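# Examination of the molecular architecture
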Amino acid sequence: MERPYVIVSAAMSLDGFLDDVAEERLVLSNAADFDRVDAVRAGVDAIAVGAGTVRADDPRLLVRSPERRAERVSAGRPASPLRAVFSPSGELDPSARLFDRGAEDVGGRVVVYTSAAGARACPLGPEAAEVVATAEREVDLAAALADLAGRGVARLLVEGGGTVHTAFLSADLVDEVHVAVAPFLLGDRGGARFVYEAAFPQGPGRPLRLAEARAIGAIALLVYRRVNVLYVYAPMIP
């Protein structure tokens, strides 16, 4: 079954946290790495996050650079990629910036992948997002990826959070991992994690391949790619 090429991207502390427990968002990266991520965004067809990331960070998921946006438009593509949200419950705030279609510099259309129960509960109207039910009570990642492929998405960037990373990695649906590592540990102040406990196929017997390692200021960028194997589909976000 064809599916998009999936890139998982995250910035984390040295001990694997995406954030701390403080109310204000912890900055784990730097300006140069933010620009690198913007370049990655400009090179994909869709950007996806989980509902928790929408609630915690209120992102817009846009390509920021005017030059990159112009390059996409000149190539006949939207200025920013399609944007997707995984939300089993469908409980999303219509006032989140992601769904503000009247905002200046608005991005591409938004698709919410949810469950049948979540679709019934979702407060978003068609002007804010297209809501797609993939299973009765979960988000079926296989169905979501097939739907994205049907929309012409060949490359998908997954930007969090940890629950979504865990679901994609444990289902063996990730082709490339980008991790920007901050030079500090959070310990008992750590909040959301890069991944949570699961049965991961990328174990010692079948590790990912290190494709790049470099310093971006004080940040360490690590890029891993999968070794080509048969795709496995057993994916649900509970």
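Let me begin by describing the structure that accompanies this report. (Residues numbered from 1 in each chain as written. Predicted model: local features only at pLDDT ≥ 70, side-chain atom pairs only at ≥ 80, totals over all residues. Heavy atoms only, no water.)

## Let's talk about the layout of surface pockets
Picture a little ball the size of a water molecule; that probe, rolled over the atoms, points out where space is still empty. Empty space within the largest pocket amounts to approximately 1,200 Å³. Looking at the largest pocket, it is lined by 46 residues, and the ones nearest its centre are Arg25, Thr53, Asp57, Pro59 and Glu159. Secondary-structure elements contributing two or more residues to the lining of the largest pocket are β1 (5–12), α1 (31–42), β2 (46–50), α2 (51–57) and α6 (162–170). Of the residues assigned to the lining of the largest pocket, the class counts are 21 nonpolar, 10 polar and 15 charged. (1 Å grid on protein atoms, 1.4 Å probe; cavity = no way out; pocket = protein on both sides within 12 Å on 5 of 7 lines; lining within 4 Å. Points joined across faces, edges and corners; volume = space filled by probe spheres on them. Helix = DSSP H or I, 4+ residues; strand = E, 2+ residues; numbered from the N terminus. Nonpolar A, V, L, I, M, F, W, Y, C, P; charged D, E, K, R; others polar.)

## Regarding the nonpolar core
Core analysis: the biggest nonpolar cluster contains 32 residues, and Phe86, Tyr113, Leu156, Phe168 and Phe194 have the highest contact counts within it. Where this core is concerned, the elements lending two or more residues are β1, β2, β3 (82–86), β4 (110–115), α5 (141–150), β7 (155–158), α6 and β8 (176–181). Setting aside residues up to four positions removed in sequence, Phe194 forms contacts with Val8, Ala10, Met12, Gly16, Leu18, Gly162, His165, Leu169, Val177 and Val179. Counting residues in hydrophobic clusters, the runner-up holds 20 residues, among them Ile7, Val49, Leu61 and Leu98. (Core = buried A, V, L, I, M, F, W, Y, C linked by side-chain atoms within 4.5 Å. Buried < 20%, exposed > 50% of the residue type's maximum accessible area, 1.4 Å probe, protein only. Contact = heavy atoms within 4.5 Å.)

## What to know about the side chain of Thr114
Counting through the fold element by element, Thr114 comes out in strand β4. Within the structure, the side chain of Thr114 is placed 3.2 Å from the backbone oxygen of Pro88, a separation counted as a polar contact. Not counting residues within four places of it along the chain, the set of residues in contact with Thr114 comprises Ser87, Pro88, Ser89, Gly90, Ala119, Val131, Val132, Ala133, Thr134, Ala135, Glu138 and Val139. (Polar contact = N/O pair within 3.5 Å; in protein donor to acceptor, adjacent residues only side chain to side chain.)

This is a description of form; function is not addressed.
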